[in-house]
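Next come the chains, spelled out residue by residue.
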Protein chains: 2
Amino acid sequence: MIALGINQISKAALQRLPTYVTYLKSLPADAPDHISATAIAAALGLGEVQVRKDLAAATTGGRPKVGYVVKNLIKELDQFLGFNSLSEAVLVGCGKMGRAVLDYRGFSCYGLKIVAGFDIDPALVGSSSSGKKILPMQKLKGVCTCNNIRLAVIAVPEDQAQAVCDELVACGIRGIMNIAPVHLNVPAGVVVRYENLAIEMALLAGQVETRFQEERLVK
Amino acid sequence: MIALGINQISKAALQRLPTYVTYLKSLPADAPDHISATAIAAALGLGEVQVRKDLAAATTGGRPKVGYVVKNLIKELDQFLGFNSLSEAVLVGCGKMGRAVLDYRGFSCYGLKIVAGFDIDPALVGSSSSGKKILPMQKLKGVCTCNNIRLAVIAVPEDQAQAVCDELVACGIRGIMNIAPVHLNVPAGVVVRYENLAIEMALLAGQVETRFQEERLVK
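(A) Looking closely at the interface of chain A and chain B. Counting from both sides, the interface comprises 62 residues of chain A and, opposite them, 61 residues of chain B. Of the roughly 6,200 Å² buried between chain A and chain B, counting both surfaces, carbon and sulfur atoms make up 67%. Interface area lost by chain A to chain B is led by Gln 15, Leu 197 and Met 201 of chain A, which between them contribute 11%. Between chain A and chain B we count four salt bridges in total. Where Glu 200 of chain B meets Arg 193 of chain A, a salt bridge forms, and the shortest distance between an N and an O atom there is 2.9 Å. Applying the counting rule to chain A against chain B returns 10 residue pairs in polar contact (both at pLDDT 80 or more). For the side of chain A that touches chain B, the secondary-structure elements that each account for two or more residues are helix H1 (11–26), strand S3 (87–92), helix H5 (96–103), strand S7 (151–154), strand S8 (175–178), strand S9 (191–194) and helix H8 (197–218) of chain A. The greatest single-element share of the side of chain A that touches chain B, amounting to 18 residues, is contributed by H8 of chain A. Along the lines of polarity and charge, the residues of the side of chain A that touches chain B split into 34 nonpolar, 16 polar and 12 charged.

Have a look at this one:
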């Protein structure tokens, strides 16, 4: 289960949660049962307040002076991040970006797995990338329905994205991560998230510009 | 100039803005001087209210019954999106994901350009991807300072990301897009954005789960 709460936590905090889990799981077997936010913060080079806030958003929290029970904290973080129940997804479009996503190893930290890639290009079909097969589009419906898959990534060229989107919806997909830089029309009940690196970069450029202007005002 | 306002508009709207620009620029030379939100919405298969809202967020807007002056609308959208003053960036880490980003063609829609990639791997250095050279790390400082570059993308393995980040900051970089799935510590005045596809997918899975639960409640 990916907890409902995952949408109520900041992305920066989500980014840090797997770091906490990795650290907590790396503690020696004879380490104390409890750990403080101060100790976690010191070990990871983070602020104490930030650690406390992050853990409060994802778990039932620690107790003053006592801290967190390590094994409970691991269990709650694992549950929050969906380690305990894998969400599977398919990916359509195995060009450079698509294959980079197929190969991306960060998904498992969040209980996610891309089971296969799909493409119309016969030159790509039949090969595999990081152990994941690239299958022809004809197999999309079978793979999605047999495995009850609800999530998909679209990484096709923008002029093909809407057609692929329609096909995915017909295969029972309910959540789409769209990497193609184009708006998609979907029926009610289907969620689309846009992953557009250019937009993220533009927002970054805007933030840097804002900082510069603020600094100029201070001077 | 990327307008200050770019941080105050939704990502979904930002996603649609280049579509408006492309459409408006494709209108024939003898088309009327004015255009209505209704006409734009119909041409692009979008909702009228959405078009009106998107354009209001990025431009000074149209006038009731008259609509928008096409050439002014294009000018304002271009300015908003930063077409008129290119922001340049460097990219460090030219593995699969890094090269996919180097090759990504969506940046120009938002007035962005990645000028070069950098890597420590001698096998990659000297080659080029989509016409962009992959240079050795020793050239990073020179390229950044000579071109007054303030933005960078980090696409190195996570255990090298902090060291690369420190180096970029020393080169005068003020905004970092971090694709490595790891938290970065930066001095005050430097902005980091995290581009973590796994987090976006986890949020998508959470949204889909929420929808399912809401539907169950309705039934």
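(B) Inspection of H5 of chain A at higher detail. Of all eight residues that make up H5 of chain A, six are buried, and the element is covered over most of its length. Listed as buried for H5 of chain A are Met 97, Gly 98, Ala 100, Val 101, Leu 102 and Asp 103 of chain A. Tucked into the core, H5 of chain A has its buried residues touching S3, strand S4 (112–119), strand S5 (128–129) and strand S6 (132–136) of chain A together with helix H5 (96–103) and helix H8 (197–218) of chain B.

(C) Quick peek at empty space enclosed by the protein. One pass over the full model with this rule turns up one cavity of 30 Å³ or more. Estimates place the volume of the largest cavity at around 170 Å³. Around the largest cavity, the lining is made up of 14 residues, and of these Met 97, Glu 195 and Leu 197 of chain A together with Met 97 and Glu 195 of chain B lie nearest the centre. Mapped by element, the contributors of at least two residues to the lining of the largest cavity are H5 of chain A together with H5 of chain B. Class assignment for the residues of the lining of the largest cavity results in 10 nonpolar, two polar and two charged.

(D) Summary view of the domain arrangement of chain A. Residue and element names in this part refer to chain A. Each assigned domain of chain A is listed with its residue range as follows: domain 1 (4–81) and domain 2 (87–199). Placing a centre on the C-alpha atoms of domain 1 and another on those of domain 2 gives a separation of 32 Å. Every contact between the two is made by five residues of domain 1 and, on the other side, four residues of domain 2. Buried area between domain 1 and domain 2, summed over both chains or domains, comes out near 350 Å², and the portion from carbon and sulfur atoms is 51%. On the domain 1 side of the contact with domain 2, Lys 11, Pro 18 and Leu 81 bury the most area, a combined 78% of that side's loss. The tally of links from domain 1 across to domain 2 stands at zero salt bridges. Seen at the junction of domain 1 and domain 2, the total is one residue pair in polar contact (both at pLDDT 80 or more). Here the side of domain 1 that touches domain 2 takes four residues from H1, the largest share from any one element.

(E) Here's a closer look at the relation of the copies chain A and chain B. In the superposition of chain A on chain B (RMSD 0.1 Å, axial shift 0.0 Å), the rotation amounts to 180°. Look at the turn and shift together and you get a two-fold axis relating the two.

(F) A look at the confidence of the model for chain A. All names here are of chain A. Considering every residue of chain A, the mean pLDDT works out to 88; 95% of them sit at 70 or more. The spread of mean pLDDT over the elements of chain A runs between S5, the lowest at 80, and S7, the highest at 96. Among the scores for the predicted complex, ipTM is 0.77 and pTM is 0.76.

(G) Region of the structure containing the sheet that holds S4 of chain A. All names here are of chain A. Read from one edge of the open sheet, seven strands run S5-S6-S4-S3-S7-S8-S9, paired in mixed fashion. Every interior strand has two partners, whereas the edge strands, S5 and S9, have only one. Here six bridges tie S3 to S4, and the two strands are oriented parallel to one another. Residue pairing across strands places Ala 89 opposite Ile 114, the latter belonging to S4. Contacts between helix H7 (residues 158–170) and the sheet are confined to S3, S7 and S8, with S7 contributing the most and set at about 170° to the helix.

(H) Inspection of the side chain of Asp 54 of chain B at higher detail. All names here are of chain B. The topology assignment puts Asp 54 in helix H3 (residues 48–58). Looking at Asp 54, its side chain comes within polar contact range of the side chain of Tyr 20, at 2.6 Å. Non-local contacts of Asp 54, meaning those with residues more than four positions away in its chain, are made with Ile 9, Ala 13, Arg 16, Leu 17 and Tyr 20.

(I) Structural detail: the side chain of Glu 200 of chain B. Take Glu 200 of chain B: it is sitting in helix H8. Once you skip the residues sitting within four places of it in the chain, Glu 200 of chain B turns out to touch Lys 11, Met 177, Arg 193 and Glu 195 of chain A.

Reading the values: rules and limits
Residues numbered from 1 in each chain as written. Chains lettered and ligands numbered in written order. Predicted model: local features only at pLDDT ≥ 70, side-chain atom pairs only at ≥ 80, totals over all residues. Heavy atoms only, no water. Contact = heavy atoms within 4.5 Å. Buried area = accessible area lost by both parts, 1.4 Å probe. Salt bridge = Lys/Arg side-chain N within 4 Å of Asp/Glu carboxyl O. Polar contact = N/O pair within 3.5 Å; in protein donor to acceptor, adjacent residues only side chain to side chain. Helix = DSSP H or I, 4+ residues; strand = E, 2+ residues; numbered from the N terminus. Nonpolar A, V, L, I, M, F, W, Y, C, P; charged D, E, K, R; others polar. Buried < 20%, exposed > 50% of the residue type's maximum accessible area, 1.4 Å probe, protein only. 1 Å grid on protein atoms, 1.4 Å probe; cavity = no way out; pocket = protein on both sides within 12 Å on 5 of 7 lines; lining within 4 Å. Points joined across faces, edges and corners; volume = space filled by probe spheres on them. Domains from an automatic or database assignment. Least-squares fit on C-alpha atoms with pLDDT ≥ 70 in both. pLDDT = per-residue confidence, 0-100. Pairing = 2+ DSSP bridges. Axes fitted to C-alpha atoms, helices over the stretch in contact; angles between N-to-C directions.

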